[in-house]
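A structural walkthrough
This is what each chain is made of:
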Amino acid sequence: MMSRFRLDLLVLLVFALHFAPSLSDLVISKLDRRIDLTSQIVRVTLTLKVENTGTDPVSEVSLTFPEHQANNLALLVAVSTEGKGKSRGAATNLPIKIKQPNDSPASLIWYAASLPKELGKGESLNLDVLAVFTHVLRPFPEKITQAESQLFLFQDSAHFASPYDVKIQSLTVKLPSENVESYTKLEKTKFSGSEIKYGPYENLPAFSYSPVIVHFPSNKPFVVAKELVREIEISHWGNVQVTEHYNIIHGGAQSTGEFSRLDFQARPHVRGASAVRNLIAMLPPRAHSIYYRDAIGNISTSNIYGDSSKTLLEIEPRYPMFGGWKTSFTIGYGLPLQDCLFQLGGTRFLNITFGSPMNDVVLPEGSRDISVSVPFPVKQSQVTTFSHLDIAGRPTVVVEKVNVVPEHNQYFQVHYKFSNLSLLTEPLMLIFGFFSVFVACIIYMHADFTISKSSASYLAKLQWDEVQGTIQQLQDIINRCLLIHDKLEASLRELSRTGDVQACKAVRKSADNLLKDLSKELKPLLAILQSSPQAAHVLPKVEELVVKERDLQEKIMLKHTMVVDSYEKKSGGRDLENRVASIQQKISALKQEVDDLVEFIEDI
């Protein structure tokens, strides 16, 4: 950087010898320059009195900056006034553009400020110029520990690189504090308080120079937004939603070594003097629904202060930021529509501050004839954004600018036309949507979506349903028969316990009647299955089940008769026991077969 600075000064010297005669019509009778180094943004204020000593009128005034400064020039504003004292006229902002001479070296950048009217022979005007630079302060040393303070190096010339002769010139450098490591001492140099004054110097030729270097401490927040995108979404239902996405870095001297949270907490102003502990966001006075979050979630370490003119959001990151450290977060808030959106004739316009390198203004769907008015040069584009209930999408105006500084936080306007009937689009969509759902439900509840009743598949389904119902009834009858069998078995056990033959006969008589009735109920069910083609694959098993149940019924009745007769005749013997045991074996085998058939049919 030092070698580049010396090269620019050498170019100024050569260029002065070449161009001095051609720019002699204008003379700066007085030039006061003030450089503010109290923050990371360097602001240079020039107050000039320009006189035309030539014969031809002049329509513009040239300002020149070395290339290394022009590359970091964020803002250049010139204001002209005529007269002085009480007779001083109104201030006029002058349009400025780059106007590079053909034979000018690339290391010197020329800007031309157009005058409101030509400056005639012998006339003069006062010119106030504000130049704002970024990234011109260099940390020196570039790396420090947690306990060290930041030191910065600033390089410039005690003489402004003017393309005109200067009769009287002075320079004042404003520092953040009264402390300074070192500074260049020239003739007529004075250090007082926190200011270094050079001059006044008289009768300086064009492009004169005198290098100065200031080395000074500063622990001001050197925060740089590497990326900042602000989304402004307009809703004509009464709200403007603003969302700002930040990706910031501490642009000061890089932190080296380990970070000790204990030392920082114990002595934050000593063991973390260069750290950024909090940030202040200035929001509109009626901002509401404010939130502050990052990728992890909501951050509660924030405070809001406000009055009738502004709302201040104090942001405290999750950790203190030292040199080179980064963090990302999002701020969001809402604004009343009447504070930002206005209507003039048939055109609506949003009036809001710039405040961000990239502003995405999302207009309502249906907006047309869109135009943007910004008080400084920007890059504009238009895209389409889709959100809920959108059909064609919302037109979005993207306004971009690089190297943004607080002075750019000026109001800009987005003009567009919008029909009030378009406000009904989303409510009508919701009404139609709910109505469609209700109509669909009504149709579904009342419509018959079954297959045609004359089709073969539908008839086959009906027949199979009939077969299933018949089999279910048949199973119920079989199960009732099996319950009667269990009652007969239980009566025999009760007979062996009490010897009450009459009670056992009564059970037998009731069982005979019930089984006869069930047999009558069973016959039509079998007939239905035998006549249905759909029952062909299950009919053999059903018929086998009926036959096995009848065999089981006969064996149980035979056993019951033999046992009751033996009790009535009071006869017994081993021969009777053997016959009963033989019948019982057959009964057990039949029961197992019946259970297997019932289980098989249930699976079907």
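Treat the numbers as computed from the prediction; the structure is a model and nothing was measured.

Section: the sheet that holds strand E30 (residues 394-400)
With respect to topology, 7 strands assemble into an open sheet ordered E21-E24-E18-E17-E27-E30-E29, the strand pairing being mixed. Each having just a single partner strand, strand E21 (288-293) and strand E29 (379-385) make up the two edges of the open sheet. Each strand of the sheet is rotated relative to its neighbour by a mean of 15°, with strand direction disregarded. Pairing between strand E18 (residues 239-250) and strand E24 (residues 326-336): 11 bridges, direction antiparallel. When the sheet's bridge partners are listed, Val-242 is paired in E24 with Tyr-333.

Thoughts on helix H7 (residues 501-531)
Here H7 is 31 residues long and its end C-alpha atoms lie 45 Å apart, about the 45 Å a rise of 1.5 Å per residue gives. Among the residues of H7, Val-501, Cys-504, Arg-508, Ala-511, Leu-515, Leu-518, Leu-522, Leu-525, Leu-526 and Leu-529 are the ones counted as buried. Of the residues that open H7, the one with a side-chain oxygen 3.4 Å from the backbone nitrogen of Gln-502 is Asp-500.

Regarding helix H6 (residues 456-498)
Look at H6: 63 Å from first C-alpha to last across 43 residues, which is about the 63 Å you get at 1.5 Å a residue. Taken from the residues just after H6, Gly-499 is the one with a positive phi, measuring 80°.

Considerations on the layout of surface pockets
Roughly 670 Å³ of internal volume is contained in the second largest pocket. Along the walls of the second largest pocket sit 24 residues, with Ala-74, Leu-75, Leu-76, Pro-377 and Lys-401 positioned nearest its centre. Contributions of two or more residues to the lining of the second largest pocket are made by strand E4 (73-81), strand E5 (92-94) and strand E6 (96-98). Considering every element that reaches the lining of the second largest pocket, the biggest residue donor is E4, with 6 residues. Taken together, the residues of the lining of the second largest pocket sort by class into 17 nonpolar, 4 polar and 3 charged.

Observations concerning the pattern of salt bridges
Should their charged atoms come close, side chains of opposite charge can pair. With the rule as written, the count across this model stands at 16 salt bridges. Put simply, Arg-394 and Glu-233 hold a salt bridge, and the shortest N to O gap is 2.7 Å. Of this pair, Arg-394 sits in strand E30 while Glu-233 sits in strand E17 (residues 223-235), placing them 161 residues apart in sequence. Taking the shortest distance from any N to any O, the salt bridge between Asp-369 and Lys-417 comes out at 3.8 Å. With Asp-369 in strand E28 (residues 368-373) and Lys-417 in strand E31 (residues 411-417), this pair connects stretches of sequence that are 48 residues apart. What makes Lys-417 partly exposed here is its relative accessible area of 31%.

A few points about the pairing of strand E15 (residues 195-204)
As paired elements, strand E12 (residues 165-174) and E15 share 7 bridges and run antiparallel to each other. Bridging across to E15, Leu-171 finds its partner in Tyr-198. Two elements, strand E14 (residues 189-192) and E15, share 4 bridges in a ladder whose sense is antiparallel. Paired with Phe-191 across the strands is Ile-196, a residue of E15. Adjacent in sequence and paired antiparallel, E14 and E15 are bridged by 2 residues, among which Gly-193 carries a positive phi angle near 60°.

Points about the nonpolar core
Leu-37, Val-42, Phe-65 and Tyr-198 are the most contacted members of the largest nonpolar core, which has 49 residues in total. Leaving out residues up to four positions away in the same chain, Val-42 has contacts with Ile-35, Asp-36, Leu-37, Ala-131, Val-132, Phe-133, Val-136, Leu-137 and Phe-154. Core analysis: the next-biggest nonpolar cluster, separate from the first, contains 41 residues, Val-542, Val-563, Ile-587 and Val-598 among them.

Considering unusual backbone geometry
For the bond from Phe-140 to Pro-141, the omega torsion is 10°, close enough to zero to count as cis. One can find Pro-141 in the loop between strand E9 (138-139) and strand E10 (143-144). In the Ramachandran plot, Asn-203 falls in the positive-phi region, its phi being about 50° despite a non-glycine side chain. With respect to the helices and strands, the residue Asn-203 is situated in strand E15. Look at Asn-403: it is not a glycine, yet its phi comes out positive at around 60°. In this fold, Asn-403 is placed in the loop between E30 and E31.

What to know about the packing of H7 against helix H8 (residues 539-569)
Direction vectors running N to C along H7 and H8 enclose 165°, while the axes themselves pass 12 Å from each other. By the angle between their axes, H7 is roughly antiparallel relative to H8. Handedness of the crossing formed by H7 with H8: left-handed. The segment H7 lies against H8, with Val-501, Cys-504, Lys-505, Arg-508, Asp-512, Leu-515, Ser-519, Leu-522, Leu-526, Leu-529 and Gln-530 engaging Leu-539, Val-542, Glu-543, Val-546, Arg-550, Gln-553, Met-557, His-560, Thr-561, Val-564, Tyr-567 and Glu-568. Per-class residue counts for the contact of H7 with H8 are 12 nonpolar, 5 polar and 6 charged.

What counts as what
Residues numbered from 1 in each chain as written. Predicted model: local features only at pLDDT ≥ 70, side-chain atom pairs only at ≥ 80, totals over all residues. Heavy atoms only, no water. Pairing = 2+ DSSP bridges. Helix = DSSP H or I, 4+ residues; strand = E, 2+ residues; numbered from the N terminus. Axes fitted to C-alpha atoms, helices over the stretch in contact; angles between N-to-C directions. Expected span 1.5 Å × (residues − 1). Buried < 20%, exposed > 50% of the residue type's maximum accessible area, 1.4 Å probe, protein only. Polar contact = N/O pair within 3.5 Å; in protein donor to acceptor, adjacent residues only side chain to side chain. 1 Å grid on protein atoms, 1.4 Å probe; cavity = no way out; pocket = protein on both sides within 12 Å on 5 of 7 lines; lining within 4 Å. Points joined across faces, edges and corners; volume = space filled by probe spheres on them. Nonpolar A, V, L, I, M, F, W, Y, C, P; charged D, E, K, R; others polar. Salt bridge = Lys/Arg side-chain N within 4 Å of Asp/Glu carboxyl O. Core = buried A, V, L, I, M, F, W, Y, C linked by side-chain atoms within 4.5 Å. Contact = heavy atoms within 4.5 Å. Parallel < 35°, antiparallel > 145°, perpendicular 65-115°, else oblique. Left-handed = near helix turned anticlockwise from the far one by under 90°.

Coordinates in, geometry out; function isn't part of it.
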